[in-house]
Amino acid sequence: SEKAEGLALLVIKGEDIVFEKYHNGHSAEKPQHLYSGTKSFTGLMYCAAHAEGFIKLDDRVQDILPELQLWEPNTTLTIKHLLSLTSGYPPTPLRIAWDGMRERQLVRDKYAIALSRKPKRAPGERYRYGCTNFLLFGKIIKRKTREDPLGYLEKRVLSPIGFRYAGWIRDPKGNPMLSFGCWTTAREWAKFGVLVRDDGLYKGKRIIPKGLIKKCLVGSSVMPAYGLTFWLNKSVPQKYQKDLIPKLQEPAKHGPVLCTQGPSDLVAAAGYNGNRCYVIPSMNLVIVRLGTNARTFSDDKLLTLLLGK
């Protein structure tokens, strides 16, 4: 990890930190931008909102957001389509996604931009990675709970596990970026991993109802390696491999995308520059890796070494 321009590597077995090392000038207290590792927080936001009766996976998005642009008038677009990235929306234009990381953003209301976009395919037909789905989901949470989406996440998920973040990107309108906004440390991200690993329990306290998180860890027919905001260690049929993010396209040719010899219940929150939070319930493990460059980093190499496969 260090040779691949990593910053941190932390391993939790059960309740204990069994390995923790920082390198290349990083430290335990220094936060890192998780980029798309942020997306998986949205999966738990869904679980919390579902538990409180606000939304269900099969709810029609157009019933909640009637101003939404649709593939065709009779299309049924569900929340499950959004969170599994099978909604039919094309990849988010870079001018929107990267604008969110500028010090001075040019696009004021990114939620409104998402509402104005129109899907290019029918829901469920194709997996396409991008930010639009998360912008729309943020709007759904805002409308259904009448709360700020990040405020809702904090209240229902983050604060109960003592999770702290150093910053969270918002657009000039104040909308939190649910697909790439979080800055935090390895130890804090590991708390999230423990909550996922233990199916909604944290230090004996029930935060998310039993079984809800597991529903986020099931892939779709058009992308078996992606659940609801989480990457899964599954094989992907050749015809869908080109839809994977570039970093996983080569591994997909040889078997499961995260670790060819890894367990089937291995899942990950994954972000740009090799930022990862791996969770393996069957081995009682949470592994956090922070990085600055993805060119030489390999999920398969790291996990194969770590798991002794």
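Nothing here was measured: the structure is a model prediction, and the numbers come from that model.

Visitor: Before we move on, can you summarise a nonpolar patch on the surface with the specific residues and values?
Guide: Together, Leu-94, Trp-98, Met-101 and Tyr-272 line one region of the surface with nonpolar side chains, adding up to about 420 Å² of accessible area. Within the fold, Tyr-272 resides in the loop between β9 (267–271) and β10 (275–280).

Visitor: Give me the side chain of His-23: which residues, what numbers.
Guide: Counting through the fold element by element, His-23 comes out in the loop between β2 (16–22) and β3 (32–33). Leave out the neighbours within four places in its chain, and His-23 touches Ser-1, Glu-2, Gly-6, Leu-7, Ala-8 and Leu-9.

Visitor: Can you tell me about the environment of Gly-181, naming the residues and giving the values?
Guide: With respect to the helices, strands and loops of the structure, Gly-181 is situated in the loop between β4 (167–168) and β5 (182–184). Gly-181 gets classed as buried once you look at its relative accessible area, which sits at 0%. Setting aside anything within four residues of it in sequence, one finds Gly-181 in contact with His-33, Tyr-35, Thr-38, Gly-167, Trp-168 and Ile-169.

Visitor: Which residues make up the nonpolar core, and what are the values?
Guide: Core analysis: the largest hydrophobic core is formed by 101 residues, its most contacted members being Phe-41 and Ile-79. In this structure Phe-41 touches Leu-34, Leu-153, Leu-158, Phe-163, Trp-168, Cys-182, Trp-189 and Phe-192, once residues within four positions along its chain are discounted.

Visitor: Mind laying out the sheet that holds β9, listing which residues take part and the relevant values?
Guide: Sheet architecture is open: 6 strands sit in the order β2-β1-β11-β10-β9-β8, paired in antiparallel fashion. Here the strands that pair on one side only, and so sit at the sheet edges, are β2 and β8 (231–232). Alignment of strand β1 (residues 6–13) against strand β11 (residues 285–291), held across 7 bridges, turns out to be antiparallel. Directly across from Ala-8, in β11, lies its bridge partner Leu-290. Packing of helix α8 (residues 186–197) onto the sheet brings it into contact with β1, β2, β9, β10 and β11, and relative to β11 it is tilted by some 145°. Helix α12 (residues 299–307) rests against β1, β10 and β11 of the sheet, and its axis sits at about 45° to β10.

Visitor: Help me get a handle on the layout of surface pockets, residues and values and all.
Guide: Looking at the largest pocket, its volume works out to about 720 Å³. Lining the largest pocket are 31 residues; nearest its centre among them are Ser-36, Tyr-129, Ile-245, Pro-246 and Tyr-272. At the level of secondary structure, the elements contributing two or more residues to the lining of the largest pocket comprise α4 (94–97), α11 (246–252) and β9. Among the elements that take part in the lining of the largest pocket, α11 stands out by supplying 3 residues, more than any other. Residues that form the lining of the largest pocket fall into these classes: 17 nonpolar, 8 polar and 6 charged. For the second largest pocket, the calculated volume is near 350 Å³. Considering the residues around the second largest pocket, the lining is formed by 14 residues, among which Ile-12, Glu-15, Val-194, Tyr-202 and Lys-203 are closest to the centre. Secondary structure elements with two or more residues in the lining of the second largest pocket: α8 and β6 (201–202). Per element, the largest residue contribution to the lining of the second largest pocket is 5 residues, and it comes from α8.

Visitor: Help me get a handle on the packing of aromatic side chains, residues and values and all.
Guide: Two descriptors summarise a pair of aromatic rings, namely the distance from one centre to the other and the angle between the planes of the rings. Under the criterion given, the structure shown has 12 aromatic pairs. With 4.6 Å between their ring centres and 45° between their planes, Phe-41 and Phe-192 make a pair best called tilted. Remark: Phe-192 occurs in helix α8 and Phe-41 occurs in helix α1 (residues 39–51); sequence separation between them is 151 residues. For the pair shown, Phe-41 and Phe-192 are each scored as buried. When the ring of Phe-54 is compared with that of Tyr-152, the centres are 6.2 Å apart and the planes differ by 80°; the resulting orientation is edge-to-face. With Phe-54 in the loop between α1 and α2 (61–64) and Tyr-152 in helix α7 (residues 149–158), the pair connects residues that are 98 residues apart, well separated along the chain.

Visitor: Please set out the pattern of salt bridges residue by residue, giving values where relevant.
Guide: The full count for this structure, using the stated rule, is 18 salt bridges. Where Asp-243 meets Arg-126, a salt bridge forms, and the shortest distance between an N and an O atom there is 2.7 Å. On the criterion of sequence distance, the pair formed by Asp-243 in the loop between α10 (238–241) and α11 and Arg-126 in the loop between α5 (110–116) and α6 (132–145) is long-range, its members being 117 residues apart. Of the two residues, Asp-243 and Arg-126, both sit in the buried class. Across the salt bridge formed by Arg-164 and Glu-188, the nearest N and O atoms sit 3.0 Å from each other. Taken together, the residues span a long stretch of sequence, with Arg-164 in the loop between α7 and β4 and Glu-188 in helix α8 at a distance of 24 residues. Taking the relative accessible area as the measure of exposure, Arg-164 reaches 59% and is therefore exposed. A residue is classified by how much of its surface remains accessible, and Glu-188, at 5% relative accessible area, is buried. Here the residues in one salt-bridge network are Asp-99, Arg-102 and Lys-110, joined through shared partners.

Rules of the game
- Residues numbered from 1 in each chain as written.
- Predicted model: local features only at pLDDT ≥ 70, side-chain atom pairs only at ≥ 80, totals over all residues.
- Heavy atoms only, no water.
- Patch = residues over 30% accessible without salt bridge, like charges linked within 9 Å, V, L, I, M, F, W, Y side chains within 5 Å.
- Areas by Shrake-Rupley, 256 points an atom, 1.4 Å probe, with all protein chains shown as cover.
- Salt bridge = Lys/Arg side-chain N within 4 Å of Asp/Glu carboxyl O.
- Helix = DSSP H or I, 4+ residues; strand = E, 2+ residues; numbered from the N terminus.
- Contact = heavy atoms within 4.5 Å.
- Buried < 20%, exposed > 50% of the residue type's maximum accessible area, 1.4 Å probe, protein only.
- Core = buried A, V, L, I, M, F, W, Y, C linked by side-chain atoms within 4.5 Å.
- Pairing = 2+ DSSP bridges.
- Axes fitted to C-alpha atoms, helices over the stretch in contact; angles between N-to-C directions.
- 1 Å grid on protein atoms, 1.4 Å probe; cavity = no way out; pocket = protein on both sides within 12 Å on 5 of 7 lines; lining within 4 Å.
- Points joined across faces, edges and corners; volume = space filled by probe spheres on them.
- Nonpolar A, V, L, I, M, F, W, Y, C, P; charged D, E, K, R; others polar.
- Phe/Tyr/Trp six-rings, centres within 6.5 Å; stacked < 30°, edge-to-face > 60°.

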